[in-house]
Amino acid sequence: MQYNIAVVKGDGIGPEIVTEAMKTLEVVGQKFGHTFSFQEVLAGGCSIDANGIPLTQETIDLCKAADSVLLGAVGGPKWDDVPSERRPEKALLGLRAALGLFVNLRPAQMHKALADACPIKQEIIGDGFDILVCRELIGDVYFGTHGRRQSEGGETGYDDMNYSVAEVERIGRRAFEMAMKRRKKVCSVDKANVLETSRVWRETMHRIKAEYPEVEYSDMYVDNCAMQLVRNPGQFDVIVTGNLFGDILSDEASMITGSIGMLPSASMNESGKGMYEPIHGSAPDIAGKGIANPIATILSCAMMLRYSFSLQREADAIETAVEKVLDSGYRTADIAAKDENALSTSEMGRLIREAL
Ligand code: NAD
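Residues numbered from 1 in each chain as written. Predicted model: local features only at pLDDT ≥ 70, side-chain atom pairs only at ≥ 80, totals over all residues. Heavy atoms only, no water.

Novice: So what about the overall build of the protein chain? Which residues, and what values?
Specialist: A tally of helices and strands in the protein chain yields twelve helices and twelve strands. Computed over its C-alpha atoms, the radius of gyration of the protein chain comes to 20 Å, within 12% of the 21 Å expected for a compact globule of 356 residues. Across its three principal directions, the C-alpha atoms of the protein chain cover 60 × 50 × 45 Å. Each of the 356 residues in the protein chain was classed as buried or not, and the buried ones make up 53%. Pairs at least 24 residues apart make up 74% of the contacts formed inside the protein chain by residues separated by at least 6 positions. Surface accessibility of the protein chain: about 15,600 Å² in total, with carbon and sulfur atoms responsible for 49%. (Helix = DSSP H or I, 4+ residues; strand = E, 2+ residues; numbered from the N terminus. Rg over C-alpha atoms; globule rule 2.2 N^0.38 Å. Buried < 20%, exposed > 50% of the residue type's maximum accessible area, 1.4 Å probe, protein only. Contact = heavy atoms within 4.5 Å. Areas by Shrake-Rupley, 256 points an atom, 1.4 Å probe, with all protein chains shown as cover.)

Written out as structure tokens, the structure reads:
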């Protein structure tokens, strides 16, 4: 089977880590009899340099035409001073909106071999944790009306927060479906004690939970969830929440794993097309040094195989290869202990391909 993948290498360490991910997919293709063809497109800072804007219609069209999108990272200090509507990060919002990517999945899992990197005390993490944050990605206050008006206190900024029943049903059902393939628990996070938007969210979630009687359902206020993630992360399976709360909680869930270079993400639309990318940024401080950890991007490819192409065995093979390499003690600098010899980006990529 042939799969066409649009590749946005992006800025900073993007090209280094995406190159290793593409090579990994090629090995998966050889091993399991698939062809992955890649079409490289520009977005972010490199697109500003080439075209004057972070996202062109040509890139959008090529991403729409592809079966899936693989993205490294965009942004960096070189473009910090460009006007806000032309910043590299605008490319991400533009692609999410153009492709209708309404759900963002971020697994936050503690790899046993990296338990020492977890910033939480051993007695709290116990046997570890395996959380899937399911964040709504194209609604909420980020996509409401923004503006400024004059009021008694002078100039006043406002951002309109809203969720429709249809939007909540769409993300809610996706969360329940994910939970059915995991440990069958959904925790819906909102601020229904204060926000009307959250009351619509909660009522809708309560209505659709009846469709999934096998799933254990709970509600949690966002402030409590922020606390529970560091107090007892093992209690969570799937967390489903809106765009704003999800932005913050998914970063918190990632950080408690202690290894930003390890964490993949998937953003998908209703037809299953997705954009797959590491959760970290373009790491300008280490760009060009060949020392970035490629694992988050390689694991993003595993998510692509599983969620967009339904290639379960192939996805498992990548994840097992990564586990094997970590269990054998190999580390890039970001996850190595001080006295360990750290591998380069390409050495880590090669070892994962050999393990495959
Ligand atoms: P960052 O994630 O790029 O870096 C934070 C720290 O983590 C740095 O010390 C970096 O060296 C390290 N790090 C990140 N990824 C790593 C990897 N794979 N291997 C080893 N170390 C790694 O966050 P930042 O410094 O806040 O942002 C840098 C730029 O990236 C900014 O321009 C920001 O806007 C952009 N950004 C882009 C995305 C994206 O493209 N999705 C996401 C976040 C930030």
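We are not done yet, so read on.
Novice: Just give me the short version of the sheet that holds strand 12 (residues 274-278), but keep the residues and values in it.
Specialist: Taking strand neighbours across the sheet as the criterion, the ten strands line up as 2-1-3-12-11-4-5-10-8-9 in an open arrangement whose pairing is mixed. Sheet topology places strand 2 (35-40) and strand 9 (216-221) at the edges, where each strand pairs with a single neighbour. Averaged over all neighbouring strand pairs, the angle between strand axes comes to 25°, with direction disregarded. Of the pairings in the sheet, the one linking strand 8 (residues 185-190) to strand 9 comprises six bridges and is parallel in character. Each residue of the ladder has a partner; that of cysteine 187, found in strand 9, is serine 218. Its contacts with the sheet place helix 6 (residues 165-180) against strand 4 (103-109), strand 5 (130-136), strand 8, strand 9, strand 10 (238-241) and strand 11 (264-268), and it is angled at close to 165° to strand 5. (Pairing = 2+ DSSP bridges. Axes fitted to C-alpha atoms, helices over the stretch in contact; angles between N-to-C directions.)

Novice: Explain helix 6 to me, using residue names and the numbers behind them.
Specialist: Along an α-helix, residues three or four apart share an orientation, since each turn contains 3.6 residues. In this model helix 6 runs 22 Å from its N-terminal to its C-terminal C-alpha over 16 residues, within 8% of the 22 Å that 1.5 Å per residue would give. Where helix 6 is concerned, the buried positions are Glu167, Val168, Glu169, Ile171, Gly172, Arg174, Ala175, Phe176, Met178 and Ala179. (Expected span 1.5 Å × (residues − 1).)

Novice: So what's going on with a nonpolar patch on the surface? Which residues, and what values?
Specialist: Together, Leu93, Tyr142 and Phe143 make up an exposed nonpolar region whose accessible area comes to about 230 Å². Take tyrosine 142: it is sitting in the loop between strand 5 and strand 6 (146-151). The class for tyrosine 142 is partly exposed, based on a relative accessible area of 30%. (Patch = residues over 30% accessible without salt bridge, like charges linked within 9 Å, V, L, I, M, F, W, Y side chains within 5 Å. Salt bridge = Lys/Arg side-chain N within 4 Å of Asp/Glu carboxyl O.)

Novice: Give a detailed account of unusual backbone geometry, specifying residues and quantitative values.
Specialist: Apart from glycine, the bulk of residues carry a negative phi angle, and the bulk of peptide bonds sit in the trans form. Phi angles above zero are rare outside glycine, and aspartate 140 is one such case at about 75°. Along the chain, aspartate 140 turns up in the loop between strand 5 and strand 6. Phi at alanine 283 takes a positive value of approximately 40°, unusual for a residue other than glycine. Here alanine 283 is to be found in the loop between strand 12 and helix 10 (295-307).

Novice: Break down the site of the ligand for me, with residues and values.
Specialist: In the vicinity of the ligand lie 20 residues, with Val74, Glu89, Gly281, Ala283 and Asp285 positioned nearest. The separation between a nitrogen atom of the ligand and a polar side-chain atom of histidine 280 is 3.1 Å. Here an oxygen atom of the ligand and a side-chain polar atom of aspartate 285 are 2.8 Å apart. For the ligand, the protein covers 69% of the area, taking 820 Å² as the surface of the free molecule. Of the residues belonging to the shell around the ligand, the class tally is nine nonpolar, seven polar and four charged. (Near = heavy atom within 4 Å. Polar contact = N/O pair within 3.5 Å; in protein donor to acceptor, adjacent residues only side chain to side chain. Nonpolar A, V, L, I, M, F, W, Y, C, P; charged D, E, K, R; others polar.)

Novice: Kindly report on the packing of aromatic side chains, identifying the contributing residues and their values.
Specialist: On inspection of all chains with the given rule, the structure shows five aromatic pairs. Look at phenylalanine 176 and tyrosine 212: their rings are 4.7 Å apart centre to centre, the planes differ by 5°, and that puts the pair in the stacked class. Pair noted here: phenylalanine 176 is in helix 6 and tyrosine 212 is in the loop between helix 7 (196-209) and strand 9, with a separation of 36 residues, a long-range link. When sorted by exposure, phenylalanine 176 lands in the same class as tyrosine 212, which is buried. Ring centres of phenylalanine 176 and tyrosine 217 lie 6.0 Å apart, and the angle between their planes is 25°; on these two criteria the pair is classed as stacked. Taken together, the positions of phenylalanine 176 in helix 6 and tyrosine 217 in strand 9 put the pair 41 residues apart, joining distant regions of the chain. One exposure class covers both phenylalanine 176 and tyrosine 217, and it is buried. (Phe/Tyr/Trp six-rings, centres within 6.5 Å; stacked < 30°, edge-to-face > 60°.)

Novice: Before we move on, can you summarise helix 10 with the specific residues and values?
Specialist: Helix length check: helix 10 (13 residues) gives 18 Å between terminal C-alpha atoms against 18 Å at 1.5 Å per residue, within 8%. Within helix 10, twelve of the 13 residues are buried, which leaves the element mostly enclosed by the surrounding structure. Of the positions making up helix 10, those classed as buried are Ile295, Ala296, Thr297, Ile298, Leu299, Ser300, Cys301, Ala302, Met303, Met304, Leu305 and Arg306.

Novice: Would you mind going over the pattern of salt bridges in detail, with residue names and values included?
Specialist: Taken as a whole and assessed by the stated rule, the structure comprises 25 salt bridges. A salt bridge links aspartate 190 to arginine 202; the nearest nitrogen and oxygen atoms lie 2.9 Å apart. Of the two residues, aspartate 190 is situated in strand 8 and arginine 202 in helix 7; the sequence distance between them amounts to twelve residues. Taking relative accessible area as the criterion, aspartate 190 reaches 1% and is therefore assigned buried. One salt bridge in this structure joins glutamate 319 and arginine 306, with 2.9 Å as the shortest N-O distance. Here glutamate 319, found in helix 11 (residues 312-327), pairs with arginine 306, found in helix 10; they are 13 residues apart in sequence, far enough to count as distant. Given the relative accessible area of 26%, glutamate 319 is considered partly exposed. Residues joined in a network through salt bridges with shared partners are Asp130, Arg182, Arg183 and Asp237.

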